[in-house]
Amino acid sequence: KFATDEQSAEEKVAGAQFTLRGEIKSLDFDTYKEPMIAFEGSTPERKVACYFYPDTQDKYSHLKPGQTVTIIGLCDGMSQGELVMAYCRLISVDP
């Protein structure tokens, strides 16, 4: 739905809780002191950015790009072509 009607889709899912499973594209532990894991989106220009609770970098420092993880978080809408998930928690890491 986001690919065809971003505004309508955002209105329907903003604030909803989702469980996501995917391969980590990139990680950022420095910006805003909120760890962020990015998953590839429906196109190369889009991604899903999952922000974790502030100051929890140590809890996620073992993660690496290419690993498959499951997380749960709240949809915070779209920002600069990214689907933003907030208050995320790591559920599992595939071996």
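Quick caveat, the model's predicted, so the values are computed rather than measured. (Residues numbered from 1 in each chain as written. Predicted model: local features only at pLDDT ≥ 70, side-chain atom pairs only at ≥ 80, totals over all residues. Heavy atoms only, no water.)

Observations regarding the side chain of Gln-57
Move 1: Residue placement: Gln-57 occurs in helix H2 (residues 57-60).
Move 2: In terms of polar contacts, Gln-57 uses its side chain to reach the backbone carbonyl oxygen of Phe-29, at 3.5 Å.
Move 3: Not counting residues up to four positions away in its chain, the partners in contact with Gln-57 are Phe-29, Lys-33 and Pro-35. (Helix = DSSP H or I, 4+ residues; strand = E, 2+ residues; numbered from the N terminus. Polar contact = N/O pair within 3.5 Å; in protein donor to acceptor, adjacent residues only side chain to side chain. Contact = heavy atoms within 4.5 Å.)

Things to note about the pairing of strand S2 (residues 36-40)
Move 1: Most of S2 is tucked away, with four of its five residues classed as buried.
Move 2: Bridge count for S2 against strand S3 (residues 47-52) is five bridges, and the pairing is antiparallel. Within S3, the position partnered with Phe-39 by the bridge is Val-48.
Move 3: In sequence, S2 turns back onto S3 through a hairpin of six residues. (Buried < 20%, exposed > 50% of the residue type's maximum accessible area, 1.4 Å probe, protein only. Pairing = 2+ DSSP bridges.)

Comments concerning the pattern of salt bridges
Move 1: In the structure shown here, the tally under the stated rule is two salt bridges.
Move 2: The salt bridge involving Asp-94 is made with Arg-21; its shortest N-O contact spans 2.3 Å. Note that Asp-94 is positioned in the segment after strand S5 (82-93) and Arg-21 in strand S1 (residues 17-28), a separation of 73 residues in sequence.
Move 3: The class for Asp-94 is partly exposed, based on a relative accessible area of 27%.
Move 4: The closest approach of N and O atoms between Lys-47 and Glu-82, which form a salt bridge, is 3.3 Å. Remark: Glu-82 occurs in strand S5 and Lys-47 occurs in strand S3; sequence separation between them is 35 residues.
Move 5: Using a relative accessible area of 22% as the deciding quantity, one classes Lys-47 as partly exposed. (Salt bridge = Lys/Arg side-chain N within 4 Å of Asp/Glu carboxyl O.)

Quick word on the sheet that holds S1
Move 1: If you trace the five strands once around the closed barrel, you get S1-S2-S3-S5-S4, paired in mixed fashion. Pairs of neighbouring strands in the sheet enclose a mean axial angle of 55 degrees, with direction left out of account. (Axes fitted to C-alpha atoms, helices over the stretch in contact; angles between N-to-C directions.)

Some words on unusual backbone geometry
Move 1: Phi at Tyr-87 is positive, roughly 55 degrees, even though this residue is not glycine.
Move 2: Summarising the element assignment, Tyr-87 is placed in strand S5.

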